[in-house]
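Examination of the molecular architecture
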Amino acid sequence: MAFNALFTGISGLDSYQSWIDMLSNNIANTATVGFKGQRMTFADQFYQEMQAPSGASNTRGGTNPQDMGLGVKVNSVDTMFAQGGLETTGVNTDLALSGDGFFIMRNVDGSSAPVYTRDGAFQFNSNGLLWDPASGLAVQGYMADQTGAITNTGTPGDINIPVGLAEQATATGSGVKTGPALNDQVFDMSMGGNLDQTQWSQQFLNAVGASINPGKPTTISTTIYDSLGNAHQANITYTPDAAGSTAATVASAGAADTAGPPTVNTATSQNDTITITANATGTSATITDTLGNTQTATPGSTVTMGGATFTLASPTMPANGIQTITVTSATNGLPATVQNAQGTAASVGSRWKVSVSFTDGTQFATIATPGSIGPGGAVTAPTFGTGSSGTVGYLYFDKNGQFINTSSIETVANGQSILPADATYLHSAGGTAPNTNQGNQLNVTVWGPGVGNPSSAPTAGGGAPTPGPIALDFSKNASLAGNYTANVLSQNGYAAGTLSNVTIGQDGTINGSFTNGQTKVLAQIALATFQNEGGLQRLGGNQFAASTASGLPLLGFGTQGRFGNIIAGSLEQSNVDLADQFTKLIVAQRAFEANSRGITTADQNLITLINLRASEN
């Protein structure tokens, strides 16, 4: 009867009104941060069986069932978790997610179950708590320790970064170590740049008397810090070092073929024996040497060969006379080889003395008498003193200008090397920390007053700053022909400071910038994903709750797989497509109208039925 049509139409009105309600909610939240739109699906309701089906027989082909539908119902309301667009806000605590992750929030005292959101409009409150100002809930994550290390296991907690957070002063020598290789990260200060090889060559010429001008040193300055954060200016001087060099010599024997003794270029680098043979008449001489040179000269001529210069006797030379001139080369005072940090011997091309000075009274260990190696390899150990200026070591470079090693040994006997047997005086990778014997340590014994106000340092308590060693890494220096470019690349000390700014990386790491120029990892924001995110329960306020349908949350961080990236300074927009929603709203409206038309039609049928009367005879 028409009653079925009435109730069927009502089911349609109810269902399509629900669709209109849902679409209206989507449209209302077009500008809601992190909002995820919903969709609705429908299903037919139960059926009234008008005729049961029958199977085929020998005489009949069977009949199909006749089921009369009794309306429609809402089948599902699904949340669409498609990515929303990103809006740049410029607020560094505004966070957007590009991926499937959710931010985790809960009560500050941890008394509530966590809720999950895509709305990252966060701020730091007056206590330094990272929170959602709309709900008052705290963002969850993991705090870093004093070294900046994060243990990201267990249940995440509140992220609290108080205003005015202090960064403790760190003395140069106590910070993070560096080095040229993973097995050699034992240094506190790293030097780099070029030491002009031509200045070392000039120093050698001066040392053997071939020039009156010595090689020029170069001085660089850097600031280092004591344990209270006081700044101290250290002046580091590189001096070309040709100590132990000897000048070339010349000796003559045999006939008097020359007028007076020969002379020699004191910088001559090769031994040579020169032979002068006069002819039978004494009118010319043949001159040869062991280096393969030959020439003929007449009496009175001046000849230069093998570094020696001499004048042939005049007016004549002794007939058939033979004179021998022996040249002994200069020596540069350098070891033949020096062992590098990996234990390989390298031929030496230059040596530089490194000196340090302070003007504020800072005292350190100095090399009072450098070590030396005599004939046969006998070592004379260096002696040490203290002062505000002095030598700390010697740098050795190979013949290609590349760094070899440091040592407190300066001079060696001609032809000797600094060998593995002398390892006490050489740096070895993977060994013990640098020391004064290795020539790569600035060992401060007393700090001077420094620069600044010690009372401003969080560690200050009126006591004197703690002295200690500072390991010096020269492995990035080179000694090539060219201008000086020496500089200090890094040092691991700094003054005290206070937090001035925070930045948040894509993995959720919160980095703090301090007034002393340091940056430090302070915390990391945790994220959650779900096996079935469609099973999350919507709570309002841009929040979701886990349910038995969603499964337990999987915890992680930005840049890890499904969790996605955290974009600081942005917010995720609603993923509602207005054009799509308006189109569906028209469809819903027409469906609602059509079902109301079914009701009015059924009503008209009822009226017709009621008005039936017997026809008159």
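So, a few notes on the structure that sits alongside this text.

Basis of the calculations
- Residues numbered from 1 in each chain as written.
- Predicted model: local features only at pLDDT ≥ 70, side-chain atom pairs only at ≥ 80, totals over all residues.
- Heavy atoms only, no water.
- Phe/Tyr/Trp six-rings, centres within 6.5 Å; stacked < 30°, edge-to-face > 60°.
- Buried < 20%, exposed > 50% of the residue type's maximum accessible area, 1.4 Å probe, protein only.
- Helix = DSSP H or I, 4+ residues; strand = E, 2+ residues; numbered from the N terminus.
- Contact = heavy atoms within 4.5 Å.
- Pairing = 2+ DSSP bridges.

Moving on, we get to the packing of aromatic side chains. Inspection of the entire model under this criterion finds 15 aromatic pairs. Their ring planes at 75° and their centres at 5.9 Å tell us that Phe 397 and Phe 403 sit as a pair that is edge-to-face. The class of Phe 397 is buried, set by a relative accessible area of 0%. Three or more aromatic residues joined by ring pairs form one cluster here, namely Phe 81, Phe 102, Tyr 116, Phe 530 and Phe 544.

Attention now goes to the side chain of Asn 26. Looking at where Asn 26 falls in the secondary structure, it is placed in helix H1 (residues 2-28). Classification of Asn 26 by relative accessible area gives buried; the value is 0%. Setting aside residues no more than four positions away along its own chain, Asn 26 makes contact with Phe 35, Gly 37, Gln 38, Val 576 and Gln 581.

Right, let's get into the environment of Thr 88. Within the element layout of this structure, Thr 88 appears in strand S5 (residues 86-88). Along the chain, Thr 88 and Leu 571 lie 483 residues apart, while their C-alpha atoms are 6.6 Å from each other. Setting aside its immediate chain neighbours within four residues, Thr 88 contacts Gly 569 and Ser 570.

Glancing now at the pairing of strand S15 (residues 218-225). Alignment of S15 against strand S16 (residues 231-240), held across eight bridges, turns out to be antiparallel. Its bridge partner lying in S16, Thr 219 is registered against Thr 237. Between S15 and the antiparallel strand that follows it, S16, lie five residues; Gly 229 among them carries a positive phi value of about 90°.

A few words on the sheet that holds strand S28 (residues 371-373). With mixed pairing, the three strands of this open sheet are ordered in space as S29-S28-S33. Strands with a single pairing partner mark the edges of an open sheet, and in this sheet they are strand S29 (379-380) and strand S33 (409-412). As judged from the three bridges shared by S28 and S33, these two strands associate in the parallel manner. Residue pairing in the sheet places Gly 371 in a bridge with Ile 409 of S33.

Attention shifts here to unusual backbone geometry. Omega for the peptide link from Ser 314 to Pro 315 comes to 20°, which places this bond in the cis form. With respect to the helices and strands, the residue Pro 315 is situated in the loop between strand S23 (308-311) and strand S24 (322-328). Although it is not a glycine, Asn 542 sits at a positive phi angle of roughly 65°. Here Asn 542 lies in the loop between strand S41 (537-540) and strand S42 (543-545).

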